[in-house]
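Residue strings, one per chain:
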Amino acid sequence: MFANTRKLLVEVNTRDTTTKSSTQYLSGKDMKSLSIAKLQTLNVLVYPEIISLFDIYTCHIRPLLNSHAIELEQSNACSKLTCFIKEEEKWFLLNNFELFHIVKSPYIDFDVLRKEVAVKYISQNQFDFDIIFLRAH
């Protein structure tokens, strides 16, 4: 099943996207910085159009990571740009699945709560599937 997951991720990442480029989301303008503690107080959800990829990460990839790899992923999650779509009281996460796990974890220490995360808000009509794979900060 893990091989099929890898194939799915490759297929999704290489699909034809002629309308937008994920590099357009890297500009410094419109970026904000929020602490993990602040994100914990918000109604953060995973965007419905990417829930299947989030499930793949959560159910098939994350359980295979050892504690050192999880620490690395969590460190990387706090240092990368995270995109959200805000609708009323809901914040829909578009990328950075590990950040979702950090925000929802009841076992977070004070040092992690103080960490700042760069966030960018986009509208629903700006959503592009490539945002999911956005890695740069």
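Fair warning: this is a prediction, and the values are worked out from it, not measured in the lab. (Residues numbered from 1 in each chain as written. Predicted model: local features only at pLDDT ≥ 70, side-chain atom pairs only at ≥ 80, totals over all residues. Heavy atoms only, no water.)

Draft legend 1. Local environment of the packing of aromatic side chains. Applying the stated criterion across every chain, the model contains seven aromatic pairs. A centroid spacing of 4.9 Å and a plane angle of 50° characterise the contact between Tyr47 and Phe127, whose relative ring orientation is tilted. Of this pair, Tyr47 sits in the loop between strand S2 (43-46) and helix H3 (51-61) while Phe127 sits in the segment after strand S5 (116-122), and the two are 80 residues apart along the sequence. Grouping residues by exposure puts Tyr47 and Phe127 together as buried. (Phe/Tyr/Trp six-rings, centres within 6.5 Å; stacked < 30°, edge-to-face > 60°. Helix = DSSP H or I, 4+ residues; strand = E, 2+ residues; numbered from the N terminus. Buried < 20%, exposed > 50% of the residue type's maximum accessible area, 1.4 Å probe, protein only.)

Draft legend 2. Main features of the sheet that holds strand S1 (residues 31-35). Strand order in the open sheet formed by five strands is S1-S5-S3-S4-S2, with mixed pairing between adjacent strands. Since the sheet does not close on itself, it has two edges, and those belong to S1 and S2, each with one partner. Averaged over all pairs of adjacent strands, the angle between strand axes in this sheet comes to 40°, irrespective of strand direction. (Pairing = 2+ DSSP bridges. Axes fitted to C-alpha atoms, helices over the stretch in contact; angles between N-to-C directions.)

Draft legend 3. Just helix H4 (residues 67-79), in detail. Taking 1.5 Å of rise per residue, 13 residues should cover 18 Å, and H4 covers 19 Å from first to last C-alpha, within 8% of that figure. Contacts made by the buried residues of H4 are with helix H2 (36-41), strand S3 (82-87), helix H5 (97-104) and S5. Of the residues that open H4, the one with a side-chain oxygen 3.1 Å from the backbone nitrogen of His68 is Asn66. (Expected span 1.5 Å × (residues − 1). Contact = heavy atoms within 4.5 Å. Polar contact = N/O pair within 3.5 Å; in protein donor to acceptor, adjacent residues only side chain to side chain.)

Draft legend 4. The arrangement of H3 in detail. Of the positions making up H3, those classed as buried are Leu53, Phe54, Ile56 and Tyr57. Projected onto a plane normal to the axis of H3, the buried residues spread over an arc of 155° and lie on a single side. (Arc of directions from axis to C-beta.)

Draft legend 5. Representation of the confidence of the model for the chain in the model. Looking at the chain as a whole, its pLDDT mean stands at 81, while 76% of the residues score no less than 70. For the chain, the element scoring lowest by mean pLDDT is helix H1 (residues 2-13), at 38; S2 scores highest, at 97. The low-confidence segment residues 1-23 (pLDDT under 50) makes 29 contacts with residues lying over four places distant or belonging to another chain. (pLDDT = per-residue confidence, 0-100.)

Draft legend 6. Inspection of the packing of H3 against H5 at higher detail. At a minimum axis separation of 10 Å, H3 and H5 run at an interaxial angle of 70°. Put simply, H3 runs roughly perpendicular to H5. H3 and H5 meet at a crossing whose hand is right-handed. For the pair H3 and H5, contact is made by Leu53, Phe54, Tyr57 and Thr58 and by Phe97, Glu98, Phe100 and His101, respectively. Residue composition of the contact of H3 with H5, grouped by class: five nonpolar, two polar and one charged. (Parallel < 35°, antiparallel > 145°, perpendicular 65-115°, else oblique. Left-handed = near helix turned anticlockwise from the far one by under 90°. Nonpolar A, V, L, I, M, F, W, Y, C, P; charged D, E, K, R; others polar.)

Draft legend 7. How the structure looks around the packing of H4 against H5. Direction vectors running N to C along H4 and H5 enclose 100°, while the axes themselves pass 8 Å from each other. Our classification of the angle between H4 and H5 gives roughly perpendicular. Counted together, Glu73, Gln74, Ala77 and Cys78 of H4 and Glu98, Leu99 and Ile102 of H5 form the full contact between these two elements. Of the residues that constitute the contact of H4 with H5, the class distribution is four nonpolar, one polar and two charged.

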